[in-house]
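These are the residues of each chain, in order.
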Protein chains: 2
Amino acid sequence: MLSKKSQYAFKALAYLTEKYKQGPVLIAEISKKKKIPLKFLENILLELKKADILDSKKGKGGGYFLKMDPAKVKVATIVRLVNGPIAMLPCVSLYFYERCKNCDEKQCGLHDMMIEVRDASLAILENRTLSDLVH
Amino acid sequence: MLSKKSQYAFKALAYLTEKYKQGPVLIAEISKKKKIPLKFLENILLELKKADILDSKKGKGGGYFLKMDPAKVKVATIVRLVNGPIAMLPCVSLYFYERCKNCDEKQCGLHDMMIEVRDASLAILENRTLSDLVH
DNA sequence: TAGATTCCCTACCAACTTGATAGACTTAAA
DNA sequence: TTTAAGTCTATCAAGTTGGTAGGGAATCTA
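Each value, and the rule that gives it
Residues numbered from 1 in each chain as written. Chains lettered and ligands numbered in written order. Predicted model: local features only at pLDDT ≥ 70, side-chain atom pairs only at ≥ 80, totals over all residues. Heavy atoms only, no water. Pairing = 2+ DSSP bridges. Helix = DSSP H or I, 4+ residues; strand = E, 2+ residues; numbered from the N terminus. Near = heavy atom within 4 Å. Polar contact = N/O pair within 3.5 Å; in protein donor to acceptor, adjacent residues only side chain to side chain. Nonpolar A, V, L, I, M, F, W, Y, C, P; charged D, E, K, R; others polar. Contact = heavy atoms within 4.5 Å. Buried area = accessible area lost by both parts, 1.4 Å probe. Salt bridge = Lys/Arg side-chain N within 4 Å of Asp/Glu carboxyl O. Core = buried A, V, L, I, M, F, W, Y, C linked by side-chain atoms within 4.5 Å. Buried < 20%, exposed > 50% of the residue type's maximum accessible area, 1.4 Å probe, protein only. Domains from an automatic or database assignment.

1. Quick word on the pairing of strand β2 (residues 63–66) of chain B
All names here are of chain B. Strand direction decides the pairing type here: strand β1 (residues 54–57) and β2, joined by 4 bridges, are antiparallel. Paired with Lys57 across the two strands is Gly63, which belongs to β2. From the end of β1 to the start of β2, which pair antiparallel, there are 5 residues, and Gly59 there has a positive phi angle of about 75°.

Now the structure itself:
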């Protein structure tokens, strides 16, 4: 399941997508409109900025805004960034791979199945972008 | 991600699938062969028994065994039982549904996307069984 | 029926994660 | 130089995860 943090992140990103190319948006405005706890949202937006998804301006007239075209930002990227692995097992994760202990991947039935699940999920998440969040 | 508990559960179930119709298997044997902490495994197996996946016999010659044909036990069932929701959001879960707060499902882009992901995962997990774990 | 064997049950625990808050600091505009 | 923003560090309560401890209850066998 996506954490609350991830859900907040997507709501905020959807809002910033609507406001794309309309100048910086205040954290406080996003917080109010999307009903996200202000200080928690601060952390999330900062993290997205450090990951080069968002950019910001300080001082009066400042705020947050998307660093690039929302149609270029994959949903999969955001999920990995804020929520972690998409795969159901570390041993089938592309970006967070870890070998399983006491389990030969070559003959583990679960392994193969979870690769299928991963690929099915990625087929969707890698082909949807922030612009698909707003319609 | 599947919890360690879930991974243990699948390993144990795979083992019991191999031994299907060969009489009760000791917790200690499963623990040793699959390298699962004994007492932790006890809890897991007991839970699976209460959920009618396994049955057991006490005393000498006792142990655990599958209650029904492994080809009849869906992987999706086990995941839901031991790990929880398969969906990425409560508001798109079939078995653990919860309405989202401050979010109209009818116009939430994330909602629709996560329904797609859920269905793609279920297409696999609902059509694989314990027998697919061993080959 | 005694004793061994095996699962059953309740309780507990440390470590980690999650969701959230507080407060001081920095940068930039007016 | 004041004010309006974002930035940073720290902290915290509650819940979850992974695991352990120890005795109780059922069953088999001698």
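2. Details of the protein's contact with DNA strand C
Taken together, 25 residues sit near DNA strand C, with Tyr8 and Lys39 of chain A together with Lys49, Ser56 and Tyr64 of chain B positioned nearest. Here DNA strand C approaches the protein such that, of its atoms within 4 Å, sugar and phosphate make up 71%. The contact in question runs from a phosphate oxygen of DNA strand C to an N or O atom on the side chain of Lys49 of chain B, over 2.5 Å. Of all the elements, helix α3 (residues 38–50) of chain B adds the most residues to the surface near DNA strand C, at 4 residues. In the surface near DNA strand C, the residues fall into 8 nonpolar, 5 polar and 12 charged.

3. Some points on the interface of chain A and chain B
Across the boundary between the two partners, chain A contributes 32 residues, which contact 32 residues of chain B. For the pairing of chain A and chain B, the buried interface totals around 3,000 Å² over both sides, and the portion due to carbon and sulfur atoms is 71%. Looking at the side of chain A facing chain B, the largest losses of area belong to Met1, Met88 and Met113 of chain A, adding up to 21% of the total buried there. In this assembly, chain A and chain B are joined by 2 salt bridges. Here Glu116 of chain A and Arg128 of chain B are joined by a salt bridge, their closest N and O atoms 2.6 Å apart. Here chain A is connected to chain B by 6 residue pairs in polar contact (both at pLDDT 80 or more). Secondary-structure elements contributing two or more residues to the side of chain A that touches chain B are α1 (4–18), α4 (75–83) and α5 (109–125) of chain A. It is α5 of chain A that provides the largest number of residues to the side of chain A that touches chain B, a total of 11 residues. Residues that form the side of chain A that touches chain B fall into these classes: 19 nonpolar, 6 polar and 7 charged.

4. Section: the nonpolar core
Formed by 88 residues in total, the largest nonpolar core has its most connected members in Leu48, Leu54 and Met114 of chain A together with Leu48, Leu54 and Met114 of chain B. Not counting residues up to four positions away in its chain, the partners in contact with Met114 of chain A are Met88, Leu89 and Val92 of chain A together with Leu2 and Leu125 of chain B.

5. As for the domain arrangement of chain A
Residues and elements named next belong to chain A. The domain boundaries assigned to chain A delineate domain 1 (4–66) and domain 2 (74–133). Measuring from the centre of the C-alpha atoms in domain 1 to the corresponding centre in domain 2 gives 27 Å. Every contact between the two is made by 12 residues of domain 1 and, on the other side, 9 residues of domain 2. Taking both partners together, domain 1 and domain 2 bury about 910 Å²; carbon and sulfur atoms supply 82% of that area. The interface formed by domain 1 and domain 2 holds 0 salt bridges in total. For the side of domain 1 that touches domain 2, the secondary structure elements donating two or more residues are α1 and α3 (38–50). Take the side of domain 1 that touches domain 2: its biggest share by element is 7 residues, from α1. For the side of domain 1 that touches domain 2, a count of residues per class yields 8 nonpolar, 2 polar and 2 charged.

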